Amino acid sequence: MDTDLALVLGLVLGFLAIPSLVSAASDRRTPRVSAVFLLLALGLVIYAFSAKPGGYQLDDVPQAIFRVIGRFT
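Anyway, here's the lowdown on the structure attached to this text. Nothing here was measured: the structure is a model prediction, and the numbers come from that model. (Residues numbered from 1 in each chain as written. Predicted model: local features only at pLDDT ≥ 70, side-chain atom pairs only at ≥ 80, totals over all residues. Heavy atoms only, no water.)

**Overview of the overall build of the chain**
Piece 1. Scanning the chain from terminus to terminus reveals three helices and zero strands.
Piece 2. Along the three orthogonal principal directions, the C-alpha set of the chain runs to about 40 × 25 × 20 Å.
Piece 3. Across the 73 residues in the chain, those meeting the buried criterion constitute 29%.
Piece 4. A separation of at least 24 residues holds for 70% of the contacts in the chain among residues at least 6 apart in sequence. (Helix = DSSP H or I, 4+ residues; strand = E, 2+ residues; numbered from the N terminus. Buried < 20%, exposed > 50% of the residue type's maximum accessible area, 1.4 Å probe, protein only. Contact = heavy atoms within 4.5 Å.)

**Points about helix α2 (residues 32-51)**
Piece 1. With 20 residues, α2 extends 28 Å between its outermost C-alpha atoms, agreeing within 8% with the 28 Å of an ideal straight helix rising 1.5 Å per residue.
Piece 2. Within α2, the full set of buried residues consists of Ser34, Ala41, Leu44, Val45 and Ala48. The buried residues of α2 occupy an angular sector of 95 degrees when the element is viewed end-on, so they sit on one face. When the buried face of α2 is taken as reference, the exposed residues oriented beyond 90 degrees from it are Arg32, Leu39 and Ser50.
Piece 3. Elements that come into contact with the buried residues of α2 comprise α1 (3-26). (Expected span 1.5 Å × (residues − 1). Arc of directions from axis to C-beta.)

**A look at the packing of aromatic side chains**
Piece 1. Counted according to the given criterion, the structure contains one aromatic pair.
Piece 2. Ring geometry for Phe49 against Tyr56: centres 5.5 Å apart, planes inclined by 70 degrees, an arrangement best described as edge-to-face.
Piece 3. Residue classification places Phe49 among the partly exposed residues on the basis of a relative accessible area of 35%.
Piece 4. The buried category is assigned to Tyr56, whose relative accessible area is 7%.
Piece 5. A cation sits over an aromatic face here: Lys52 above Tyr56, 4.3 Å from the ring centre. (Phe/Tyr/Trp six-rings, centres within 6.5 Å; stacked < 30°, edge-to-face > 60°. Lys NZ or Arg CZ within 6 Å of the ring centre and 35° of its normal.)

**Section: the side chain of Ser34**
Piece 1. Among the structural elements, Ser34 can be located in helix α2.
Piece 2. Within the structure, Ser34 has its side chain in polar contact with the backbone oxygen of Pro31 (distance 3.2 Å).
Piece 3. Apart from the residues within four sequence positions on either side, Ser34 is in contact with Ala17, Ser20 and Leu21. (Polar contact = N/O pair within 3.5 Å; in protein donor to acceptor, adjacent residues only side chain to side chain.)

**Structural notes on the pattern of salt bridges**
Piece 1. The final tally for this structure, using the stated rule, is three salt bridges.
Piece 2. Residue Arg71 is joined to Asp2 by a salt bridge in which the shortest nitrogen-to-oxygen separation is 2.6 Å. Here Arg71, found in helix α3 (residues 60-72), pairs with Asp2, found in the segment before α1; they are 69 residues apart in sequence, far enough to count as distant.
Piece 3. Given the relative accessible area of 40%, Arg71 is considered partly exposed.
Piece 4. Across the pair Arg29 and Asp27 runs a salt bridge whose closest N-O atoms are separated by 3.4 Å. (Salt bridge = Lys/Arg side-chain N within 4 Å of Asp/Glu carboxyl O.)

Without other data, these values stay purely geometric and don't point to any function.
As structure tokens, this is what we get:
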């Protein structure tokens, strides 16, 4: 898997986990789905940062997002 794609998927999964986490907390349920999403997101982001030579800087993240979007459009 490309490191840019792993980074973008990890960020998307992380953002998708937030509403699920808030919903589970407000209903006093166990946040199972959000916990799985957060673990997957964390794993993908860590993989992306460790697999890319030189890693990512904060300025590289928007460029990676646009590269992935450009690849699929």
